[in-house]
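Given next are the chains, with one letter for each unit.
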Amino acid sequence: SHLILLDTWLGGKGISGKTASEALEREGIIVNKNAIPFDTRSPVDPSGIRLGTAAETTRGKKEKDMKKIAERIDKILKDAPK
């Protein structure tokens, strides 16, 4: 299993996991809001998201494709409302 746990809160400088999850879902990228280690935020609106690569690798995606997906995720999260 290839899972990534991403801190989107960044100590209050970023966005919550719930906001990140909703922004990505609007763009067709499905992730889970997720608590990060030592998270002080509520499980209902945690500090991070969890991403998995299994679905994309099953579809034949390779490293170069993952880089493009990561760039798209980065843009979506940077443009998401605070």
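Remember, it's a predicted structure, so these values are computed and weren't measured experimentally.

## Regarding the packing of aromatic side chains
(1) Moving on: Under the definition given, this model contains zero aromatic pairs.
(2) Moving on: Over the ring of Trp9 we find Arg41, and its NZ or CZ is 3.9 Å from the ring centre.

## Here we look at the sheet that holds strand β2 (residues 32-34)
(1) Moving on: Across the sheet, which stays open at both edges, the three strands sit in the order β1-β3-β2 with antiparallel pairing between neighbours. Edge positions in the sheet fall to β1 (3-7) and β2, since each of these pairs with one other strand and no more. Neighbour-to-neighbour, the strand axes of this sheet turn through a mean angle of 35°, independent of strand direction.
(2) Moving on: Across the sheet, helix α1 (residues 17-26) lies against β2 and β3 (48-52), angled at about 45° from β3, the strand it touches most.

## Focus: the confidence of the model for the chain
(1) Moving on: On average, residues of the chain score 95 in pLDDT, and 99% of them are at 70 or above.
(2) Moving on: Predicted confidence in the chain is weakest over helix α2 (residues 54-58), with a mean pLDDT of 90, and strongest over α1, with 98.

## With respect to the environment of Trp9
(1) Moving on: Within the secondary structure, Trp9 is located in the loop between β1 and α1.
(2) Moving on: By relative accessible area, which is 26% here, Trp9 ends up partly exposed.
(3) Moving on: Along the primary structure Trp9 and Thr19 are separated by 10 residues, whereas in three dimensions their C-alpha atoms are 9.7 Å apart.
(4) Moving on: Among all residues touching Trp9, those that are not within four sequence positions of it are Gly14, Ile15, Ser16, Arg41 and Ser47.

## A closer look at unusual backbone geometry
(1) Moving on: Within the chain, Leu10 stands out as a residue other than glycine whose phi angle is a positive 50°.
(2) Moving on: Note that Leu10 resides in the loop between β1 and α1.
(3) Moving on: Residues other than glycine seldom take positive phi values, yet Phe38 does so here, at roughly 65°.

Each value, and the rule that gives it
Residues numbered from 1 in each chain as written. Predicted model: local features only at pLDDT ≥ 70, side-chain atom pairs only at ≥ 80, totals over all residues. Heavy atoms only, no water. Phe/Tyr/Trp six-rings, centres within 6.5 Å; stacked < 30°, edge-to-face > 60°. Lys NZ or Arg CZ within 6 Å of the ring centre and 35° of its normal. Pairing = 2+ DSSP bridges. Helix = DSSP H or I, 4+ residues; strand = E, 2+ residues; numbered from the N terminus. Axes fitted to C-alpha atoms, helices over the stretch in contact; angles between N-to-C directions. Contact = heavy atoms within 4.5 Å. pLDDT = per-residue confidence, 0-100. Buried < 20%, exposed > 50% of the residue type's maximum accessible area, 1.4 Å probe, protein only.

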